[in-house]
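# Chain and residue survey
Below are the chains, spelled out letter by letter.
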Amino acid sequence: MCRSDASGYSAVINSPTQITLTIQSFNTAVDAGEWVCRDGPTGDQTTCIMTVQHGPGGPNSIKFGPASPATVKELQSLTVICTANCTPSCSFSWSQGRQNVSPSAKLELTNISKSNEGVYTCTAKNIVSSRVKSRNFTLVVIKGGPDGPNYIKFGPASPATVTELQSLTVICTANCTPSCSFSWTRGSQNVSSCAKLELTNISKSNEGVYTCTAKNTGSSDIKSRNFTLVVIKRK
């Protein structure tokens, strides 16, 4: 037979090979662990391990990585991960206003502009209990997109004086975000497709004004500046 000597516990013999133990008020601290069922005071015994399975819990403690609010520059990218304490687990989604922007815990934004600024909501849903919890994430977007070209400079500075038959290399630079392409012209003639102007075996015919044009690769904004070359006769 199978006997329970403590109150709150009862055992029922279902068959010669099956006995059911009923615990009226399960206490994890006392009842979890190893249990022994013995056939009489000295009979054969069977050991089993009592484990505890908790019911659905959460979502609780929704967190973001990186934290909210987050500040990024225009044209940058941002990935935000939403997490929550859930038992057994939670599904996640992101929305901005009434628009669904991600069906997972990950919010990914690329080539960010001012239109991306605002409040995004992460919603966690327990897959068993269907309980939901939401938390807002705030994104601040600051100017940092295409900028320039500004401050076009030459090396060497303009005007430059050289003697006939000499050579000259001029580098055109500018402050650009993300970057600039460069070209040189003389009047309507293209003389270089890069930031470097190279002249060799210079003669009086090379004297004059050369124009460096910088073009922003992101915005296509352009800016130009003239470089003056003076050629003196070789003695």
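No experiment lies behind these values; they were computed from the predicted model shown.

Counting its regular elements, the chain contains one helix and 20 strands. Within the chain, buried positions represent 26% of all 235 residues. For the chain, contacts bridging at least 24 residues in sequence account for 58% of all contacts bridging at least 6. Surface exposure of the chain reaches about 14,900 Å², of which carbon and sulfur atoms provide 48%.

Within the open sheet, the five strands sit side by side as β14-β20-β19-β16-β17. Their pairing is mixed. This sheet does not close on itself; its edge strands, each paired only once, are β14 (160-163) and β17 (189-192). Between one strand axis and the next, the sheet turns by 35° as a mean value, whatever way the strands run. Both strand β16 (residues 180-186) and β17 contribute to a ladder of three bridges, which runs antiparallel. In the strand pairing of β17, Arg186 is matched with Gln189.

Attention now moves to the packing of aromatic side chains. Both the distance between ring centres and the angle between the ring planes are used here to describe each pair of aromatic rings. Going through the model one piece at a time under the given rule, you end up with six aromatic pairs. Aromatic pair Phe154 and Trp184: ring centres 5.5 Å apart, planes at 35°, arrangement tilted. Within this pair, whereas Phe154 is found in strand β13 (residues 147-155), its partner Trp184 is found in strand β16, the two being separated by 30 residues in sequence. For Phe154, a relative accessible area of 12% corresponds to the buried category. Centroid distance Trp184 to Phe227: 6.2 Å. Interplanar angle 90°. Geometry classified as edge-to-face. Highlighted residues: Trp184 in strand β16 and Phe227 in strand β20 (residues 222-232), separated in sequence by 43 residues. You can call Trp184 buried: its relative accessible area is 0%.

The subject of this paragraph is the state of the cysteines. As enumerated under the stated definition, the model contains four disulfides in all. Between the sulfur of Cys176 and that of Cys180 lies a disulfide, 2.0 Å long from S to S. What sets the handedness of the Cys176 and Cys180 disulfide is the S-S torsion sign, and at about -85° it is left-handed. Taken individually, Cys176 and Cys180 each receive the classification buried, so the pair is uniform in this respect. Looking at the chain, its bonded cysteines, counted consecutively from the start of the sequence, adopt the pairing 1-4, 2-3, 5-8, 6-7.

All right, on to the side chain of Thr185 then. Note on placement: Thr185 falls in strand β16. Setting aside residues up to four positions removed in sequence, Thr185 forms contacts with Asn190, Val191, Val209, Tyr210 and Thr211.

Within the open sheet, the three strands sit side by side as β5-β7-β10. Their pairing is antiparallel. Every interior strand has two partners, whereas the edge strands, β5 (57-65) and β10 (106-109), have only one. Averaged over all pairs of adjacent strands, the angle between strand axes in this sheet comes to 15°, irrespective of strand direction. Note that strand β7 (residues 78-87) and β10 share four bridges and pair antiparallel. Along β10, the bridge assignment pairs Leu78 with Leu109.

What counts and how
Position labels on residues start from 1 in each chain and follow its written sequence. Per-residue local features of the predicted model are confined to residues with pLDDT of at least 70, and side-chain atom pairs are confined, for both listing and counting, to 80 or more; whole-chain, interface and lining totals are unaffected and use all residues. Water and hydrogen atoms were dropped before computing side-chain values, which therefore reflect all heavy atoms in the structure. Strands here are runs of E lasting at least two residues and helices are runs of H or I lasting at least four, both read from the DSSP assignment and numbered beginning at the N terminus. Here the term buried applies to any residue with accessible area under 20% of the maximum for its type, exposed to any over 50%, and partly exposed to those in between, with areas from a 1.4 Å probe on protein chains only. We call two residues contacting when some pair of their heavy atoms lies within 4.5 Å. Surface accessibility in these figures is a Shrake-Rupley result with a 1.4 Å probe; residues are shielded only by whichever protein chains are displayed. Here, a strand pair is defined by DSSP locating no fewer than two bridges between the strands. For helices, the fitted axis covers only the stretch in contact; all axes are lines through C-alpha atoms, and the angles between them, taken along N-to-C directions, range from 0 to 180 degrees. Note on aromatic contacts: the rings of Phe and Tyr and the six-membered ring of Trp form a pair at centre separations within 6.5 Å, being stacked when their planes are under 30 degrees apart, edge-to-face when over 60 apart, and tilted otherwise. When the sulfur atoms of two cysteines come within 2.5 Å, that pair is taken as a disulfide.

Geometry only, nothing functional implied.
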